[in-house]
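# Structural description and commentary
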Amino acid sequence: MQSFFDDTQQLHHPQSYFSRGQMRRPQEVPERSQAILQALSAMGWSATVPPDQGWGPIAAVHDSDYVAFLKCAHADWLATGEDWGSEVMSNIYRVGSGRGADMGILARAARHLADGSCPVGPETANSAYAGAQSAIAAADAVAQGERAAFAVCRPPGHHARRDAAGGFCYLNNAAIAAQRLRETCQRVLILDVDLHHGQGIQEIFYHRADVHYISIHGDPVNFYPVVTGHADECGEGEGLGYNLNLPLPHGSEAPAFFAALDRALAAAVQFAPDAVVLALGFDTYREDPQAKIALDTHDYGVMAERISNCGWPTAIVLEGGYHLPTLALNTETFFSHWKG
Ligand SMILES: [Zn+2]
């Protein structure tokens, strides 16, 4: 299987993480992608540096104001000369507001950073851009006839909104890949098996019938992203019926997860996608610091077999997974069981 990664993706190194009333140690660290690359190496794979396709495929998903913010935020932050922290991090949240561009960097941060887990450092935009290029390359490989391709996306993407970062995510790699695939495919399915609901993907495609989003995740009651990911969010307008959320009770183990996966795959078969984007997270592992679902290592092999047996051309995009001691093993288990 072709895989894609650019060393620039390692440069983003967040120093701050504010969640549930506490400053916490950042979990989305460069060591994550090193572990994944180690797993690929153990299988005899070597990741290819993706070609640079520019900002166009990213702008097809994200608002121009947000892209402009991401590119300049850190320099604008430093340029104030104020005694602020080393990363752009807002304590004011005003996502969705139409104003901000003319109101200074603090207002722009309030508008474009959705929560306390997405600080913008000196290399954040470069790493997110390179990660998005990996996702585009995987989509292009599938569009050109590969049965599957893997984008080692770091930072991850599925929480990134059209106009805001959030949940360790800056650019929505899975949505960018899906939109890219729409250039050659009529119907694209995004299957999201990360522990968390990908509210960014849901938001971007909520009114569309051409991209069907299906997500299995830990129940968002008192769990990120909290305000979305509930079972009654089914799409709107033309998109009604093309958004399927399958939240699982906290502590669910493999039987509940695979029952949900069966439901997801049955809905996917009905949709009959021309291509699939698989948003793949390993934070469903039982020892993951985020875990609300408790899978074991061998379950990732079962997951890979069940999904790949459906036979869809699939661009696989890395999302979460924060338990560094097992990340390589879980990755290798998944890909060694992928058929085709
Ligand atoms: Zn996650």
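Bear in mind the structure is a predicted one, so any value in this text is a computation, not a measurement.

## Some thoughts on helix H1 (residues 30-42)
If you check H1, its first and last C-alpha atoms are 19 Å apart, about what 13 residues at 1.5 Å a residue would give, namely 18 Å. The set of residues buried in H1 consists of Pro 30, Arg 32, Ser 33, Ala 35, Ile 36, Ala 39 and Leu 40. If you follow the buried residues of H1, they end up packed against strand E1 (2-4), strand E4 (148-151), strand E11 (314-318) and helix H10 (324-336). Within two residues after H1, Gly 44 carries a phi angle of roughly 80 degrees, on the positive side.

## Side note on the confidence of the model for the protein
The pLDDT averaged across the protein works out to 96; a share of 99% of its residues lies at or above 70. The secondary-structure element of the protein with the lowest mean pLDDT is strand E3 (residues 22-23), recorded at 90, while strand E5 (residues 188-192) shows the highest, at 99.

## Brief notes about the pattern of salt bridges
Pairs can form between side chains of opposite charge once their charged atoms are near each other. Scanning the entire structure with this criterion turns up 12 salt bridges. In this structure, the salt-bridge partner of Arg 108 is Asp 76, at a minimum N-O distance of 2.9 Å. Residue Arg 108 is located in helix H4 (residues 105-112), and its partner Asp 76 is located in helix H3 (residues 64-79); the two are separated by 32 residues in the primary sequence. Given a relative accessible area of 14%, Arg 108 falls into the buried group. A salt bridge links Asp 262 to Arg 306; the shortest N-O distance between them is 3.2 Å. One end of the pair, Asp 262, is in helix H8 (residues 254-271); the other, Arg 306, is in helix H9 (residues 297-308), and 44 residues separate them in sequence. Among the charged side chains, a salt-bridge network with shared partners connects Glu 28, Arg 32 and Arg 154.

## A closer look at unusual backbone geometry
In the segment running from Arg 154 into Pro 155, the intervening peptide bond is cis, with an omega of 0 degrees. Along the chain, the position of Pro 155 falls in the loop between E4 and helix H6 (173-181). The phi dihedral of Phe 168 falls on the positive side, at around 70 degrees, and the residue is not glycine. Given a relative accessible area of 9%, Phe 168 falls into the buried group. Residue Ala 272 is not a glycine yet carries a positive backbone phi of 55 degrees. With respect to the element layout, Ala 272 can be found in the loop between H8 and strand E9 (275-280).

## Looking at the coordination of the zinc ion
Donor atoms from the polypeptide that coordinate the zinc ion comprise Asp 194 (OD), Asp 194 (OD), His 196 (ND1) and Asp 283 (OD), at 2.0 to 2.8 Å from the metal. With 4 donor atoms in place around the zinc ion and angles of 52 to 153 degrees between them, the coordination shape is irregular.

## Digging into the nonpolar core
In this structure, Leu 191, Phe 257, Leu 261, Met 303 and Phe 334 are the most contacted members of the largest nonpolar core, which totals 98 residues. If you tally residues by element for this core, the top one is helix H5 (residues 124-143), at 11 residues. Leu 191 has contacts with Ile 214, Leu 261, Ala 264, Leu 265, Val 277, Leu 278, Ala 279 and Ile 307, leaving out every residue within four places of it along the chain.

## Regarding the pairing of strand E6 (residues 211-218)
Counted residue by residue, E6 has 8 buried out of 8 residues, so it is predominantly covered. Taken together, E5, helix H7 (residues 199-205) and E6 constitute a β-α-β crossover, and its handedness is right-handed. Examined bridge by bridge, E6 and strand E7 (residues 243-248) share 6 bridges and lie parallel to one another. Its bridge partner being in E7, Ile 214 is matched across the sheet by Leu 244.

## Considerations on the packing of aromatic side chains
Describing an aromatic ring pair means giving the distance of the ring centres and the angle of the ring planes. Per the counting criterion, the structure on display carries 13 aromatic pairs. Ring centres 5.4 Å apart and planes at 75 degrees place the aromatic pair Phe 168 and Tyr 322 in the edge-to-face group. Taken as a pair, Phe 168 in the loop between E4 and H6 and Tyr 322 in the loop between E11 and H10 lie far apart in primary sequence, 154 residues in all. Pair check on accessibility: Phe 168 and Tyr 322 agree, each one buried. Taking 5.0 Å as the distance between ring centres and 75 degrees as the angle between the ring planes, the aromatic pair formed by Phe 334 and Phe 335 counts as edge-to-face. For the pair shown, Phe 334 and Phe 335 are each scored as buried. These aromatic residues form a ring-pair network of at least three members: Trp 45, Phe 150, Phe 282, Tyr 300, Phe 334, Phe 335 and Trp 338. The positively charged end of Lys 71 is found above the aromatic ring belonging to Trp 55, 4.6 Å away from the centroid.

## Focus on a nonpolar patch on the surface
Among the surface-exposed residues, Phe 18, Met 23 and Tyr 93 lie close enough to one another that they form a single nonpolar patch of about 310 Å² accessible area. With respect to the secondary-structure elements, Met 23 resides in strand E3.

Cut-offs used in this document
Residues numbered from 1 in each chain as written. Predicted model: local features only at pLDDT ≥ 70, side-chain atom pairs only at ≥ 80, totals over all residues. Heavy atoms only, no water. Helix = DSSP H or I, 4+ residues; strand = E, 2+ residues; numbered from the N terminus. Expected span 1.5 Å × (residues − 1). Buried < 20%, exposed > 50% of the residue type's maximum accessible area, 1.4 Å probe, protein only. Contact = heavy atoms within 4.5 Å. pLDDT = per-residue confidence, 0-100. Salt bridge = Lys/Arg side-chain N within 4 Å of Asp/Glu carboxyl O. Donors = N, O, S within 2.8 Å, 3.2 Å for Na, K, Ca; no water. Tetrahedral: all angles 85-135°; square planar, octahedral: opposite > 155°, others 65-115°. Core = buried A, V, L, I, M, F, W, Y, C linked by side-chain atoms within 4.5 Å. Right-handed = clockwise from strand over helix to strand, strands pointing away. Pairing = 2+ DSSP bridges. Phe/Tyr/Trp six-rings, centres within 6.5 Å; stacked < 30°, edge-to-face > 60°. Lys NZ or Arg CZ within 6 Å of the ring centre and 35° of its normal. Patch = residues over 30% accessible without salt bridge, like charges linked within 9 Å, V, L, I, M, F, W, Y side chains within 5 Å. Areas by Shrake-Rupley, 256 points an atom, 1.4 Å probe, with all protein chains shown as cover.

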